[in-house]
Amino acid sequence: MKVIPAMEPSATSRSRRSFLAGFGAAFATLGLSPALAAADAAKAAEKALPRKKITDPYVYKFSIGKFEAWSISDGWGTFKEGVTKKMWPPAERAQMQEVMRSRGERPDDMTLYINILLLRKDKEVILVDAGFGNVERDTWGWLGQAMASPEVGIRPEEVTHALLSHSHIDHIGGFAKEGRIIFPNAALHVLKAEVDFWRGKEPDFTKSHRTDNIPQMIKNVRNSFDTLQPNLVLHKDGDQILDGAITILAAPGHTDGHAIYRIKSEGQSLLHLSDLAHNHVLMFEDPAWFIDFDHDPEAAIASRRKWFAELSATRERAYGFHLPWPGLGVVASNGRKGYQWLPEAWRWDF
């Protein structure tokens, strides 16, 4: 278990950074741009260093007023041709790659992090999405191990409320398994529009560019809802729970009932972005750039524009499900037509 409330990076990560820095400097002496040097250094590192299998989760503890909060990594997944195969519109993919290079990122790789927010206040324990669930993979399914660790120490039956932002497998998968509810005492809060979409006679994917097995996905989601039915609590946009501490906000597009959450306590607040952004560069640089997972791209773009504009004006603290772990930061204008994600510095003084 790796708990990161006040810990130096591991020797492995330090040595890897040193290795990359050395390569970057070497490439820079050859007259390459810093971004290209970083990309080439990363490729060299992949060849030179063995890939470490990370099987235990990372946990970062922080607070939101009186809420204890943990950002738990449920894992990650990398699309090696993420820009050229999954980002839209195709005519702007070259521009997207150039933006990635300018930030020192690999131009076509997209890593989607899986960040789970866990909250506790008095006797209430709140889980926001549940990741993939306990699966036999090295790259994801770490939530259960993290919750069971001494550093968190919360049993599934102690969770009193669960928030389901939407019903894709990396969010709903950890709530039910083989007909069993994983968090049996938790009221599972979800927008009614989300349940209605998946339980509709023919869920509409005509606007989506998804390339996976949609009929099987629909079947899996419906089975999950059937299992979770005793615990489901349906909501509309703007509903609040826990005496107003958490507000459920509609941000449609990624799915019909995609929700984000505002958590407030003692004058502090955090806006959980759910899947408004799948990458810490692209969707902020231009909110009109979208991933093929979005069910209704135009609605997803409108949601991004609305919430990014608000966040850039207020500088409210935000949390991204798919942004680099631990997923905390603020949204700011980039001085052009778009925005930028500014990650929050890790704090040792919690």
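Residues numbered from 1 in each chain as written. Predicted model: local features only at pLDDT ≥ 70, side-chain atom pairs only at ≥ 80, totals over all residues. Heavy atoms only, no water.

Another aspect to go through is the pattern of salt bridges. Applying the stated criterion to the full structure yields 22 salt bridges. Arg 106 is the salt-bridge partner of Asp 109, the closest N and O atoms lying 3.6 Å from each other. Classification of Arg 106 by relative accessible area gives partly exposed; the value is 25%. Connected through shared salt-bridge partners, Lys 61, Glu 68 and Arg 120 make up one network. (Salt bridge = Lys/Arg side-chain N within 4 Å of Asp/Glu carboxyl O. Buried < 20%, exposed > 50% of the residue type's maximum accessible area, 1.4 Å probe, protein only.)

Further remarks concern the pairing of strand S10 (residues 187-191). Most of S10 is tucked away, with four of its five residues classed as buried. Pairing of strand S7 (residues 161-163) with S10 involves three bridges; the strand directions are parallel. Residue pairing across strands places Leu 163 opposite His 189, the latter belonging to S10. Pairing of S10 with strand S11 (residues 232-235), which is carried by four bridges, proceeds in the parallel orientation. Each bridged residue has a counterpart across the sheet, and for His 189 the counterpart in S11 is Val 233. (Helix = DSSP H or I, 4+ residues; strand = E, 2+ residues; numbered from the N terminus. Pairing = 2+ DSSP bridges.)

What follows concerns unusual backbone geometry. Omega for the bond connecting Trp 88 with Pro 89 falls within 30 degrees of zero, at 0 degrees, which places this linkage in the cis form. Backbone geometry places Arg 315, a non-glycine residue, at a positive phi of 55 degrees. The exposure class assigned to Arg 315 is partly exposed, which follows from its relative accessible area of 46%.

Glancing now at the environment of Phe 205. Within the secondary structure, Phe 205 sits in the loop between helix H7 (192-199) and helix H8 (214-228). Between the alpha carbons of Phe 205 and Asp 296 there is a distance of 7.9 Å; along the sequence they are 91 residues apart.

Attention now moves to the packing of aromatic side chains. Within this structure, the stated rule accounts for 14 aromatic pairs. Here the aromatic rings of Tyr 58 and Trp 325 are separated by 5.5 Å at their centres, their planes lie at 55 degrees, and the arrangement is tilted. Pair noted here: Tyr 58 is in strand S2 (residues 58-64) and Trp 325 is in the loop between strand S17 (317-319) and strand S18 (328-333), with a separation of 267 residues, a long-range link. Exposure remark for Tyr 58: the relative accessible area of 22% places this residue in the partly exposed category. The interplanar angle of 80 degrees and the centroid separation of 5.5 Å between the aromatic rings of Trp 325 and Trp 346 together place this pair among those described as edge-to-face. Here the residue Trp 325 occupies a position in the loop between S17 and S18, and Trp 346 occupies one in the segment after strand S19 (339-343), the gap between them amounting to 21 residues. Classification of Trp 346 as partly exposed rests on a relative accessible area of 34%. Across the ring face of Trp 88, the terminal group of Arg 93 is positioned such that the distance to the ring centre comes to 5.5 Å. Here the basic side chain of Lys 121 rests over the ring of Phe 67, its NZ or CZ set 5.3 Å away from the ring centre. (Phe/Tyr/Trp six-rings, centres within 6.5 Å; stacked < 30°, edge-to-face > 60°. Lys NZ or Arg CZ within 6 Å of the ring centre and 35° of its normal.)

Turning our attention to the sheet that holds S17. Here seven strands make up an open sheet; going across it, the order is S12-S13-S14-S15-S17-S18-S19 and the pairing mixed. Of all strands in the sheet, those with a lone pairing partner are strand S12 (240-241) and S19, marking the two edges. In this structure, S18 lies alongside S19, joined through five bridges in antiparallel fashion. Residue Ser 333 lies in a different strand from S19, and its bridge partner there is Tyr 339. Strands in contact with helix H10 (residues 297-314) are strand S13 (246-250), strand S14 (259-265), strand S15 (268-272), S17, S18 and S19; relative to S18, the strand with the most contacts, it is inclined by about 95 degrees. (Contact = heavy atoms within 4.5 Å. Axes fitted to C-alpha atoms, helices over the stretch in contact; angles between N-to-C directions.)

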